[in-house]
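# Close look at the chain arrangement
Chain by chain, the residues run as shown.
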Number of protein chains: 2
Amino acid sequence: MTVSLSSLRGDGDAFTDGCPTRVVLDHVTSKWGVLVLAALADGTLRWSELRRAVDGISEKMLASTLKTLERDGIVERVAHPVIPPHVDYSLTDRGRDLMEAMSPLLLWVAANADDIVPSG
Amino acid sequence: MTVSLSSLRGDGDAFTDGCPTRVVLDHVTSKWGVLVLAALADGTLRWSELRRAVDGISEKMLASTLKTLERDGIVERVAHPVIPPHVDYSLTDRGRDLMEAMSPLLLWVAANADDIVPSG
DNA sequence: CAGAATCCAGCTAGATACTG
DNA sequence: CAGTATCTAGCTGGATTCTG
């Protein structure tokens, strides 16, 4: 490995049960969290666009995922006071920084998935 | 972003519901999958060492996580026929490749978690 | 030591219906 | 359009017990 992860275990309680690292890791690597973030990595999307971009997500899970990521300062929500309602979602600076770190993983999965799961 | 993810959406059904990408993504970003992989990134570990390294994991989830990653060709299991039993787990070449792609994310989470979740 | 098997509480998440 | 509210099936995953 180019980047050693042993440094993470060196500082005491990184990734131990109940610490902030675990919480954030669960948020950003959650089933729908990853896909919402990947969708927003290309730019701002509206609620309805997100629903279509993240194939298979329910409204409930989209709402809950967006709220979590918004609380974490990773996603920004901008509601325009018009009729009909118009709400834009985008990555914050922190979110864009996160996606730079997550991109290699996503690209690896996209490149290797077919070898790993032959028929689905 | 340095690496654009839009290329992923360009090739048709990447990350659409039910496709291999989703399956593999779920495996490697699963709650315990990430932590097991991070633990093995530093080298070979035995079952009991893994249990201690991955704080909070139950035997059931460790077994199930390892089986999934083994089926995916990411983790290798080597059982030594001795009494008492001795079983080593390590990353395969594919697994090490995966961890190179996942390291930036883990380092990002470790570096930013405390800013995101102030008090847990 | 390294698991497998069983039981079950609780959360996840889908479906549906409703609202500003 | 952009959500919220409610209900619930079923899966996740913890605790416990047992075994080669």
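All figures in this text were calculated on a predicted structure; none of them were measured in a lab. Residue numbers restart at each chain and count upward from 1, following the sequence in its written direction. Each chain gets a letter, beginning with A, and each ligand a number, beginning with 1, in the order they are written. Local features in this predicted model are restricted to residues whose pLDDT is 70 or higher, and side-chain atom pairs enter the listing and the counts only when it is 80 or higher, whereas totals over whole chains, interfaces and linings include all residues. Heavy atoms throughout the structure, all of them, feed into the side-chain values; hydrogens and water do not.

### Some details on the protein's contact with DNA strand D
We define proximity as follows: a residue is near a molecule or strand when any one of its heavy atoms falls within 4 Å of that partner. Taken together, 18 residues are adjacent to DNA strand D, and A:Arg46, A:Ser48, A:Arg77, A:Tyr89 and B:Lys60 come closest. Under this definition, polar contacts are N or O atom pairs within 3.5 Å; protein pairs additionally need one hydrogen-donor-capable and one acceptor-capable atom, and for neighbouring residues in sequence, both atoms have to be side-chain atoms. Within the backbone of A:Val87, an N or O atom sits 3.4 Å from a phosphate oxygen of DNA strand D. Residue B:Ser58 places a side-chain N or O atom 3.1 Å away from a phosphate oxygen belonging to DNA strand D. Helix and strand definitions follow DSSP, with helices as H or I runs of at least four residues and strands as E runs of at least two, each counted in order from the N terminus. Put simply, the parts of the chain that give the surface near DNA strand D at least two residues each are α4 (47-53), α5 (59-71) and β3 (86-91) of chain A together with α5 (59-71) of chain B. We call Asp, Glu, Lys and Arg charged. Ala, Val, Leu, Ile, Met, Phe, Trp, Tyr, Cys and Pro are nonpolar, and the rest, Gly among them, are polar. Split by residue class, the surface near DNA strand D holds nine nonpolar, three polar and six charged.

### Details of unusual backbone geometry
A cis amide bond links A:Ile83 to the next residue, A:Pro84, at an omega of 0 degrees. Along the chain, A:Pro84 falls in the loop between β2 (75-80) and β3.

### Digging into the relation of the copies chain B and chain A
Superposing chain B onto chain A takes a rotation of 180 degrees plus a shift of 0.0 Å along the axis, which leaves an RMSD of 0.0 Å. The operation mapping one copy onto its partner corresponds to a two-fold rotation axis. When C-alpha distances to the rotation axis are compared across chain B, the minimum falls at B:Thr29, with a value of 2.7 Å. Both copies share a contact surface, since 100% of the interface residues of chain B are interface residues in chain A too. The copies are overlaid by a least-squares fit using only the C-alpha atoms of residues whose pLDDT is at least 70 in both copies. Pairs of residues are marked as contacts when any of their non-hydrogen atoms sit within 4.5 Å.

### Overview of the sheet that holds β2(A)
Residue and element names in this part refer to chain A. Note on pairing: two strands pair once DSSP finds at least 2 bridges between them. An order of β1-β3-β2 is seen for the three strands of this open sheet, with the pairing classed as antiparallel. In this open sheet, the two strands that pair with only one neighbour each are β1 (45-46) and β2. As paired elements, β2 and β3 share six bridges and run antiparallel to each other. Within β3, the position partnered with valine 78 by the bridge is aspartate 88. All axes here are fitted lines through C-alpha atoms, helices being fitted over the stretch that makes contact, and every angle between N-to-C directions spans 0 to 180 degrees. Together, β1, β2 and β3 form the strand contacts of helix α3 (residues 31-40), whose direction differs from that of β3 by roughly 95 degrees.

### With respect to the pattern of salt bridges
Counted as salt bridges are all cases of a side-chain nitrogen of Lys or Arg within 4 Å of a carboxyl oxygen of Asp or Glu. Under the definition given, this model contains eight salt bridges over all chains. Between B:Asp17 and B:Arg22 there is a salt bridge whose closest N-O contact spans 3.5 Å.

### A word on the packing of helix α3 (residues 31-40) of chain B against α5(B)
Residues and elements named next belong to chain B. For the pair α3 and α5, interaxial distance at closest approach is 10 Å and the crossing angle is 75 degrees. When the interaxial angle is binned, α3 and α5 end up roughly perpendicular. Along its contact with α3, which presents Trp32, Gly33, Val36 and Leu37, the element α5 presents Met61, Leu62, Thr65, Leu66 and Leu69. Put simply, angles under 35 degrees are roughly parallel, angles over 145 are roughly antiparallel, angles from 65 to 115 are roughly perpendicular, and the rest are oblique.

### A short note on the UniProt feature "domain: HTH hxlR-type" (unreviewed entry) in chain A
UniProt positions are given in the numbering used here, feature names are shortened, and annotations may be inferred rather than shown by experiment. Taking the numbering used here, the UniProt-annotated feature "domain: HTH hxlR-type" (unreviewed entry) corresponds to residues 19-117 of chain A. Between the first and last C-alpha atoms of residues 19-117 of chain A the distance is 33 Å; the span itself is 64% helix and 14% strand.

### Looking at the sheet that holds strand β3 (residues 86-91) of chain B
All names here are of chain B. The sheet built from three strands is open, its strands ordered β1-β3-β2 with antiparallel pairing. What marks the edges here is a single partner per strand, and that holds for β1 (45-46) and β2 (75-80). The pairing of β1 with β3 spans two bridges and is antiparallel. Its bridge partner lying in β3, arginine 46 is registered against aspartate 88.

### What about the protein's contact with DNA strand C?
In the vicinity of DNA strand C lie 19 residues, with A:Lys60, B:Arg46, B:Ser48, B:Arg77 and B:Tyr89 positioned nearest. Within 4 Å of the protein, the contacting atoms of DNA strand C are 63% sugar and phosphate, with bases supplying the remainder. Within the contact set of DNA strand C, a phosphate oxygen lies 2.8 Å away from a side-chain nitrogen or oxygen of B:Ser48. With four residues, the top contributor of residues to the surface near DNA strand C is α5(B).

### Overview of α3(B)
Counting buried positions over the 10 residues of α3(B) gives nine, a clear majority of the element. Buried means the residue's accessible area, taken with a 1.4 Å probe over protein chains only, is under 20% of the maximum for its type, while exposed means over 50%, and partly exposed covers the values in between. Taken together, the buried positions of α3(B) are occupied by B:Trp32, B:Gly33, B:Val34, B:Leu35, B:Val36, B:Leu37, B:Ala38, B:Ala39 and B:Leu40.

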